[in-house]
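# Tertiary structure, described
Each chain is listed here by its residues.
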Amino acid sequence: MIKNRNNPRSELFAHRIIDWQQQHGRHDLPWQGADAYRIWLSEIMLQQTQVVTVIPYYHRFVARFPTIAALAADSEDAVLAHWSGLGYYSRARNLHRTAQLIMQRHEGKFPQHFEDILALPGIGRSTAAAISAFAFHERRAILDGNVKRLLARYHAIEGYTGEKKIEAQLWQQAEASLPKRDVAVYTQGLMDLGALVCTRSKPQCPICPLQADCMAHQNGLVAQLPTPRPRKVLPERHSTFLLLLNGPDILLEKRPGNGIWGGLWCPPQVDPQLLSRTEDATAYCRQHFGTETIHTIALPTFTHTFTHFKLHITPLLLQVINKPKQIQEPGMMWLDVDDALQAAIPTPVRKLLQEIQAGRRLM
Ligand code: SF4
């Protein structure tokens, strides 16, 4: 457990946040006051994603998977389909795997001890602390992106917050500021203040409860802090998406479990250097999918940016005149475009399918 420290500035910090949360914070989020399963789910969905985006996904998810047992018993495909569009799909795969582990190791009950929570796949220190605080009222410090920004400003800590040394300083401050009681309100207050007041751009210092002794505010450093991530040029990759259409159907393949879009359904992807001419694409499809194609159209190239690289995608639209009964490659299927839009597909593929659907309506 965390040691109590009698630092008046830290105590004042916590009291102000608790008071502010009670008066101005969020009190009607659908997972507030819910069980540990729903709190865990919301915390995972909220990683990298804003509350307003998460809420409809959260409702759909708990309607389909109302318990840990229901989540564990369903297929990974169903879980990914309900995650489709939220991105960072390893979160969904870990949720599914973790639900199965909880069934095996904890008799279907979400573990209560911080160390047991932290040992589950996809749950880091800050997420485990948030679950412990909200579900079990345990005194644990959180340090998500919003809290890092808030603490870096309040204590005027310079340096990129993703750097180990700076992160250690922030953890130290996060732990030193924990109140002796009302930890759930305090934790929610930190999250609310970071999301609503001490925002990335245009923080609202005049209405902030920490304004009186915020060091960034006092020293005119608000715009400079937190120190931005050092600029890095992202590597660029290129891919051709083969959009093989036959009547209402499109050919999709399941991506391997690891790597980008792991476990999601995508059109077949090929290195563009292999297909420099239309005939190359026709021959490639004949060889790999047993199809004969007509009308090959290259759609405009667009770019999708991942955290660690940029992917330039050229979609190639191919009308297939024969749909082989047997698909020669494993992990592939023909799916009606309308049904494909309900499946586990990444956002750029969703956009392409929506364009195809819209194009058909115009024909
Ligand atoms: S005073 Fe401004 S910079 Fe300081 S914590 Fe509040 S909103 Fe953030």
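Calculation criteria
- Residues numbered from 1 in each chain as written.
- Predicted model: local features only at pLDDT ≥ 70, side-chain atom pairs only at ≥ 80, totals over all residues.
- Core = buried A, V, L, I, M, F, W, Y, C linked by C-beta atoms within 7 Å.
- Buried ≥ 20, exposed ≤ 12 C-beta atoms within 10 Å, placed from the backbone.
- Helix = DSSP H or I, 4+ residues; strand = E, 2+ residues; numbered from the N terminus.
- Domains from an automatic or database assignment.
- Contact = placed C-beta atoms within 7 Å.
- Pairing = 2+ DSSP bridges.
- Nonpolar A, V, L, I, M, F, W, Y, C, P; charged D, E, K, R; others polar.
- pLDDT = per-residue confidence, 0-100.
- Near = placed C-beta within 6 Å.
- Axes fitted to C-alpha atoms, helices over the stretch in contact; angles between N-to-C directions.
- Left-handed = near helix turned anticlockwise from the far one by under 90°.

A word on the nonpolar core. Core analysis: the largest hydrophobic core is formed by 91 residues, its most contacted members being Leu41, Leu243, Leu244 and Leu318. Among the elements that line this core, the one with the most residues is helix H11 (residues 183-196), at eight residues. Summarising the domain contributions, this core has at least three residues from each of domain 1 (8-218) and domain 2 (236-362). Residue contacts for Leu41: discarding those within four places in its chain leaves Tyr58, Phe61, Val62 and Leu95.

Pairing of strand S1 (residues 236-246) with strand S7 (residues 310-320) involves ten bridges; the strand directions are parallel. Bridged to Ser239 within S7 is Ile313. As paired strands, S1 and strand S4 (residues 269-270) are joined by two bridges and run antiparallel to one another. The partner of Phe241 across the bridge, within S4, is Gln269. Relative to strand S2 (residues 249-254), S1 is paired through two bridges, and the arrangement is antiparallel. The residue of S2 that forms the bridge with Leu245 is Ile250. In textbook terms, the turn of a hairpin is the stretch between consecutive antiparallel strands, and for S1 and S2 this stretch comprises two residues, one of which, Gly247, has a positive phi near 55°.

What follows is about the domain arrangement of the protein chain. By domain assignment, the protein chain separates into domain 1 (8-218) and domain 2 (236-362). Between domain 1 and domain 2, the C-alpha centre-to-centre distance is 37 Å. Taken together, the contact between domain 1 and domain 2 spans ten residues of the former and ten residues of the latter. Of all the elements in the fold, those that place two or more residues in the side of domain 1 that touches domain 2 are helix H5 (76-83) and helix H6 (90-105). The dominant element in the side of domain 1 that touches domain 2, judged by the number of residues it contributes, is H5, at four residues. Classifying every residue of the side of domain 1 that touches domain 2 gives three nonpolar, four polar and three charged.

Looking at the protein chain, the pLDDT average stands at 92 and 96% of residues meet or exceed 70. Within the protein chain, helix H15 (residues 347-362) has the poorest average pLDDT of any element, 84, and helix H4 (residues 68-73) the best, 98.

Next up on the list: the site of the ligand. Taken together, 14 residues form the shell around the ligand, and within it Cys198, Pro203, Cys205, Cys208 and Cys214 come nearest. Among the elements of the structure, helix H9 (145-154) and helix H12 (215-218) are those that each provide at least two residues to the shell around the ligand. At three residues, the largest contribution of residues to the shell around the ligand is made by H9. Residues belonging to the shell around the ligand are distributed by class as follows: eleven nonpolar, two polar and one charged.

A few words on H9. Note that an α-helix has 3.6 residues per turn; residues three or four places apart therefore point the same way. Of all ten residues in H9, eight are buried, a share of seventy percent or more. Looking only at H9, the buried set comprises Asn146, Val147, Lys148, Leu150, Leu151, Ala152, Arg153 and Tyr154. Next to the buried residues of H9 lie helix H10 (164-176), H11 and H12. Looking one or two residues past H9, Ala156 carries a phi angle of roughly 50°, positive in sign.

What follows deals with the environment of Lys148. As for its placement among the helices and strands, Lys148 is situated in helix H9. Taking the number of C-beta atoms within 10 Å as the measure of exposure, Lys148 has 22 and is therefore buried. Residues contacting Lys148, with those up to four places away along its chain left out, are Leu143, Thr161, Leu170 and Pro226.

So, about the packing of helix H2 (residues 36-46) against helix H8 (residues 125-136). Orientation of H2 relative to H8, taken along the N-to-C sense of each, is 145°, at an axis distance of 10 Å. For the pair H2 and H8, the crossing hand works out as right-handed. Contacts between H2 and H8 involve Ala36, Ile39, Trp40 and Glu43 from the former and Thr127, Ala130, Ile131, Phe134 and Ala135 from the latter. Its residues placed into classes, the contact of H2 with H8 shows seven nonpolar, one polar and one charged.

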